[in-house]
Amino acid sequence: MNTLTKRLFWMAISCLPFISSGCKQSETAVKESSISDALYQNLPFEMPKVQQPVFPAYEVNIEKFGAKGDGLFLNTKAINDAIKEVNQRGGGKVIIPEGIWLTGPIELLSNVNLYTEQNALVLFTGDFEAYPIIATSFEGLETRRCQSPISARNAENIAITGHGTFDGNGDCWRPVKKGKLTASQWKKLVNSGGVLDEKQEIWYPTPGSLKGAMACKDFNVPEGINTDEEWNEIRPWLRPVLLSIVKSKKILLEGVTFKNSPSWCLHPLSCEDFTVNNIMVINPWYSQNGDAIDLESCKNALIINSVFDAGDDAICIKSGKDEDGRRRGEPCQNVIVKNNTVLHGHGGFVVGSEMSGGVKNIYVEDCTFMGTDVGLRFKSTRGRGGVVENIYINNINMINIPNEPLLFDLFYGGKGAGEESEEDLLNRMKTSIPPVTEETPAFRNIHISNIVCRGSGRAMFFNGLPESITPNVPNTDCPKITAKVMTRIGTAYSTIIAGSTIIPTDTKKMAPKRSLTGFTNRSIDSASIVSAKIDPIINAPKA
């Protein structure tokens, strides 16, 4: 063997360890995007391609850091240590293998892909003390809540991918309404412990949770809680969202399941380039505030190829509430929602009610809603302000919608569809007409087409603000809707219902047709409304 041959031989031998280990430290990451460019074709507005994260090939297994998948050992430190190491090495993948991994809060850092293998279950502890009380935003307002089970802030290039499940252990946190359970379920829940409210209609897991609820006058944000001691006392009420990602860029959620959240499930806030692809979100139908995804004040986002089963709104677009939202001034914009299935939920696709920072350039297409309380739900109220515009919805199929396939309500009072009587609604609307100010919400340039629904409670519900000087009700084209009750139009302006067929399922309950006198600029164009009732709630008040 000559000198050159010997040198080449020993060079080859010395490389074998690196070849067998994949040379992971030196490889550059090459995750090909599974997002087709066809998504962006023929959009009715200009939108940049949503950037996808890319990671180095370096990877670690959480077991290397002492994690145990036996469902008993608390893995909070091990998982976060693994994330920190990958972040410090410049990025890569943190692998959670098969097993049940009990843990406290997980904090994602830049350039980390948290990857769950098949049959991996990440179960978050029900110990309230494991979740520090932090300053955050919830329901569009600046407040304090417990730290989320999964969170990231000011991060870039992050992902949660794979095949596993993240369980937020929400039953430990959530109040439950008696009316949402059977008699035997309610009895079992009450016997398990906890406390009831004064009317014996809502169960709370702890006295602190009940006290926190009593401190809330407007939705779920407590008032009059000042000292750290007072906040700590109501800690069980400060239910966190399962996943909170704030002011971050290039985020991907793909392939995994998120379930059983203490409050909302997924809450990206003030993020850019956010993608949800092929995930499942599952919450019990009775879960209070159990929204599936609340995309708030985000720019350039995809929500595609996924399944949502929620206890509240399913796919929801938000941008802050009232003065807090207007001060933030960050609209939710450039969003594609496509090829999703929604099972239970208060609304299949929802805008509001927290939309004070504005919502624009939203495209929703090719979605199926099965049994959602409402199909397409637009909601706001006086005091919000903000402009919702350039909303395009096409080709939505629905079945078994208990209330309306299409609901548009600018007198929203906080209750879910079907929870408020018509008398309650009328009482809320009996107020003087205020002047148009920055607190007046505006909806314009909304186009809804090719909506098919088989089986609904009421075909449509439009209820705008009489003081609004801008068009605030969508143009709709619904080829066929079967409903028990026909369309109701309140004080909404500039409504166009074109090319629609509305078929009553119970003609005996149909009242005679009523005129649309007292309303402004409404048209029912080329519509086939079979035995229909276009029934105004109230005549538009005179200014």
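Rules and cut-offs
Residues numbered from 1 in each chain as written. Predicted model: local features only at pLDDT ≥ 70, side-chain atom pairs only at ≥ 80, totals over all residues. Heavy atoms only, no water. Helix = DSSP H or I, 4+ residues; strand = E, 2+ residues; numbered from the N terminus. Buried < 20%, exposed > 50% of the residue type's maximum accessible area, 1.4 Å probe, protein only. Contact = heavy atoms within 4.5 Å. Areas by Shrake-Rupley, 256 points an atom, 1.4 Å probe, with all protein chains shown as cover. Pairing = 2+ DSSP bridges. Axes fitted to C-alpha atoms, helices over the stretch in contact; angles between N-to-C directions. Expected span 1.5 Å × (residues − 1). Polar contact = N/O pair within 3.5 Å; in protein donor to acceptor, adjacent residues only side chain to side chain. Salt bridge = Lys/Arg side-chain N within 4 Å of Asp/Glu carboxyl O. Phe/Tyr/Trp six-rings, centres within 6.5 Å; stacked < 30°, edge-to-face > 60°. Lys NZ or Arg CZ within 6 Å of the ring centre and 35° of its normal. Core = buried A, V, L, I, M, F, W, Y, C linked by side-chain atoms within 4.5 Å. Disulfide = S-S within 2.5 Å.

A.B. asks: Now, about the overall build of the chain: what can you tell me, with residues and values included?
C.D. replies: For the chain, the count of helices and strands is 7 helices and 42 strands. Here the chain holds 543 residues, and the buried ones make up 56% of them. Considering only contacts within the chain whose residues lie at least 6 apart along the sequence, 74% involve residues at least 24 apart. Of the accessible surface of the chain, which amounts to about 22900 Å², a share of 51% is contributed by carbon and sulfur atoms.

A.B. asks: Any chance you could break down the sheet that holds strand E13 (residues 176-177) for me, citing the residues and the numbers?
C.D. replies: Sheet strands pair by backbone hydrogen bonding; their relative direction is either parallel or antiparallel. Read from one edge to the other, the open sheet built from 3 strands follows the order E13-E15-E14, with strand pairing classed as antiparallel. Looking along the sheet, the strands with just one partner apiece sit at the ends: E13 and strand E14 (195-196). Across 2 bridges, the pairing between E14 and strand E15 (residues 202-204) is antiparallel. Its bridge partner lying in E15, Leu196 is registered against Trp203. Of the strands in this sheet, E13, E14 and E15 are in contact with helix H3 (residues 183-191), which crosses E15 at around 35 degrees. Contacts between helix H4 (residues 207-214) and the sheet are confined to E14 and E15, with E15 contributing the most and set at about 125 degrees to the helix.

A.B. asks: Can you tell me about helix H2 (residues 76-88), naming the residues and giving the values?
C.D. replies: If you check H2, its first and last C-alpha atoms are 18 Å apart, about what 13 residues at 1.5 Å a residue would give, namely 18 Å. Where H2 is concerned, the buried positions are Thr76, Ala78, Ile79, Asn80, Ala82, Ile83 and Val86. For H2, the secondary structure elements touched by its buried residues are strand E1 (59-61), strand E2 (70-74), strand E3 (92-96), strand E4 (99-103), strand E5 (106-107) and strand E6 (112-116). Taken from the residues just after H2, Gly90 is the one with a positive phi, measuring 100 degrees.

A.B. asks: Account for the side chain of Asp322, with residues named and values stated.
C.D. replies: Structurally, the position occupied by Asp322 is in helix H6 (residues 322-328). Of the polar contacts made by the side chain of Asp322, one reaches the side chain of Arg384; its length is 3.0 Å. Excluding its chain neighbours within four sequence positions, the residues that come into contact with Asp322 are Ser356, Gly383 and Arg384.

A.B. asks: Can you break down the pattern of salt bridges residue by residue, with the values?
C.D. replies: Tallied over the full model, the rule gives 24 salt bridges. Of the charged contacts, one joins Lys259 and Asp167 as a salt bridge, the two residues approaching to 3.2 Å between their closest N and O atoms. Separated by 92 residues along the polypeptide, Lys259 in strand E18 (residues 257-259) and Asp167 in strand E12 (residues 165-167) bring together distant segments of the chain. In this structure Lys259 comes out as partly exposed when scored by relative accessible area, which is 27%.

A.B. asks: Any chance you could break down the packing of aromatic side chains for me, citing the residues and the numbers?
C.D. replies: One pass over the structure, following the stated rule, counts 8 aromatic pairs. With 5.5 Å between their ring centres and 20 degrees between their planes, Phe166 and Phe258 make a pair best called stacked. With Phe166 in strand E12 and Phe258 in strand E18, the pair connects residues that are 92 residues apart, well separated along the chain. The pair formed by Phe166 and Phe258 is uniform in burial state, with each residue classed as buried. Between the aromatic rings of Tyr204 and Trp237, the centroid separation amounts to 6.3 Å while the plane-to-plane angle is 55 degrees, which identifies the pairing as tilted. You can see Tyr204 sitting in strand E15 and its partner Trp237 sitting in the loop between helix H5 (228-233) and strand E16 (243-246), a full 33 residues away along the chain. By the ring-pair criterion, three or more aromatic residues cluster together here, those being Phe128, Tyr131 and Trp173. Across from the ring centre of Tyr58, 4.5 Å away, lies the NZ or CZ of Arg89, which sits over that ring. Here the guanidinium or amino end of Lys93 rests over the ring plane of Tyr115, the centre of that ring lying 4.5 Å away.

A.B. asks: I'd like a description of the environment of Gly386, backed by residues and values.
C.D. replies: Mapped onto the secondary structure, Gly386 falls in the loop between strand E30 (374-379) and strand E31 (387-401). Residues Gly386 and Asp322 lie 64 residues apart in sequence; the distance between their C-alpha atoms is 8.5 Å. Setting aside chain neighbours within four positions, we find Gly386 in contact with Met355, Ser356, Gly358, Glu438, Thr440, Pro441 and Ala442.

A.B. asks: How would you sum up the nonpolar core? Please name residues and give values.
C.D. replies: Formed by 101 residues in total, the largest nonpolar core has its most connected members in Ile160, Phe258, Phe308, Phe349, Leu376, Phe378 and Ile393. When residues in this core are grouped by element, the largest group, 6 residues, is from E31. Among residues more than four places away in sequence, those in contact with Ile160 are Leu108, Asn113, Leu114, Ile150, Phe166, Leu243, Leu252, Leu253, Glu254, Val256 and Phe258. Counting residues in each nonpolar core, the second largest holds 12 residues, with Leu39, Leu302, Ile304 and Tyr392 among its members.

A.B. asks: Provide a residue-level description of the pairing of strand E25 (residues 315-318), including the pertinent values.
C.D. replies: Going residue by residue along E25, you find Ile315 and Ile317 tucked away on one face and Cys316 and Lys318 tucked away on the opposite face as well. Sheet topology note: the E25/strand E28 (residues 347-351) ladder contains 3 bridges and is parallel. Bridged to Cys316 within E28 is Val350.

A.B. asks: Kindly report on the side chain of Asn334, identifying the contributing residues and their values.
C.D. replies: Here Asn334 is to be found in strand E26 (residues 332-338). A residue is classified by how much of its surface remains accessible, and Asn334, at 7% relative accessible area, is buried. Here Asn334 is in contact with Phe45, Glu46, Met47, Pro48, Asn300, Ala301, Lys360 and Asn361, once residues within four sequence places are set aside.

A.B. asks: If you had to explain the state of the cysteines to someone new, which residues and values would you point to?
C.D. replies: Taken as a whole and judged by the stated rule, the model has 0 disulfides. No disulfide involves Cys298; its nearest neighbouring cysteine sulfur is the one of Cys271, lying 4.7 Å away. Cys298 sits in the buried class, given a relative accessible area of 0%.

A.B. asks: For unusual backbone geometry, give the residues involved together with the corresponding values.
C.D. replies: Cis geometry is found at the peptide bond from Gly352 to Ser353, where omega equals 0 degrees. Positioned with a positive phi, Asn278 is a non-glycine residue whose angle comes to about 55 degrees. Topologically, Asn278 is positioned in the loop between strand E20 (272-277) and strand E21 (280-282).

Honestly, that's just the spatial picture; any functional story needs more than this.
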